[in-house]
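Coordinates in review
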Amino acid sequence: MLPGRPEPPIATLLGGRLLALDTTAGTLAAEYEATDAFLNPAGTVQGGMLAAMLDDLCAAVVDARAGEGGGVVTLTLNLSFLAPARPGRLQGRSSIVGGGRSICYVEAVLAQAGTEVARATACCRVIGARKG
């Protein structure tokens, strides 16, 4: 999903598409496409799929700050499910809210049709190279 990086298979599965990235501010906006394959028996998007989207949002904003050869691992991911999500497009945004050179604290939100459906906070660790 990040410019200049190979597309990870999970981004393809989730229908992830980068909309905006500001590495200086530590913010990212993306969208995802929830397909019928993501549905639970109640006909809503299964929480694990929303968790994967939120994890992708959190890791991607940190990964965007990593230098060549760098990467990121999620250490913790705390989720809140706020409303049911339906098949279709979901809008996501994430921002780095604290941390240092190797540990970053991130917040992310997913919305659908103007309604927040899930939120997450994460702690991510930068591995490998890092810019400045």
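Notes on the structure in this doc start here. What you see is a predicted model, and the numbers here were worked out from it, not measured in a lab.

1. Comments concerning helix H2 (residues 47-63)
With 17 residues, H2 extends 24 Å between its outermost C-alpha atoms, agreeing within 8% with the 24 Å of an ideal straight helix rising 1.5 Å per residue. With respect to burial, H2 is a largely interior element, 13 of its 17 residues being buried.

2. Describing a nonpolar patch on the surface
Together, Val73, Leu75 and Ile127 make up a nonpolar patch on the protein surface, roughly 220 Å² of accessible area in all. You can see Ile127 is positioned in strand E6 (residues 115-127).

3. Considerations on the sheet that holds strand E5 (residues 103-112)
One open sheet accounts for six strands, arranged E1-E2-E4-E5-E6-E3; its pairing is antiparallel. Every interior strand has two partners, whereas the edge strands, strand E1 (17-22) and strand E3 (71-81), have only one. Averaged over all pairs of adjacent strands, the angle between strand axes in this sheet comes to 20 degrees, irrespective of strand direction. As paired strands, strand E2 (residues 27-34) and strand E4 (residues 88-99) are joined by eight bridges and run antiparallel to one another. Bridging from a neighbouring strand, Glu31 pairs with Gln91 of E4.

4. As for the nonpolar core
In this structure, Tyr32, Met53, Leu57, Val62, Leu90, Val106 and Leu110 are the most contacted members of the largest nonpolar core, which totals 36 residues. Every element with two or more residues in this core is listed here: helix H1 (9-14), E2, H2, E4, E5 and E6. It is H2 that contributes the most residues to this core, ten residues altogether. Beyond its immediate sequence surroundings of up to four residues, Met53 is in contact with Leu14, Tyr32, Ala34, Phe38, Leu90 and Leu110.

Calculation notes
Residues numbered from 1 in each chain as written. Predicted model: local features only at pLDDT ≥ 70, side-chain atom pairs only at ≥ 80, totals over all residues. Heavy atoms only, no water. Helix = DSSP H or I, 4+ residues; strand = E, 2+ residues; numbered from the N terminus. Expected span 1.5 Å × (residues − 1). Buried < 20%, exposed > 50% of the residue type's maximum accessible area, 1.4 Å probe, protein only. Patch = residues over 30% accessible without salt bridge, like charges linked within 9 Å, V, L, I, M, F, W, Y side chains within 5 Å. Areas by Shrake-Rupley, 256 points an atom, 1.4 Å probe, with all protein chains shown as cover. Salt bridge = Lys/Arg side-chain N within 4 Å of Asp/Glu carboxyl O. Pairing = 2+ DSSP bridges. Axes fitted to C-alpha atoms, helices over the stretch in contact; angles between N-to-C directions. Core = buried A, V, L, I, M, F, W, Y, C linked by side-chain atoms within 4.5 Å. Contact = heavy atoms within 4.5 Å.

The analysis is restricted to geometry; functional conclusions fall outside its scope.
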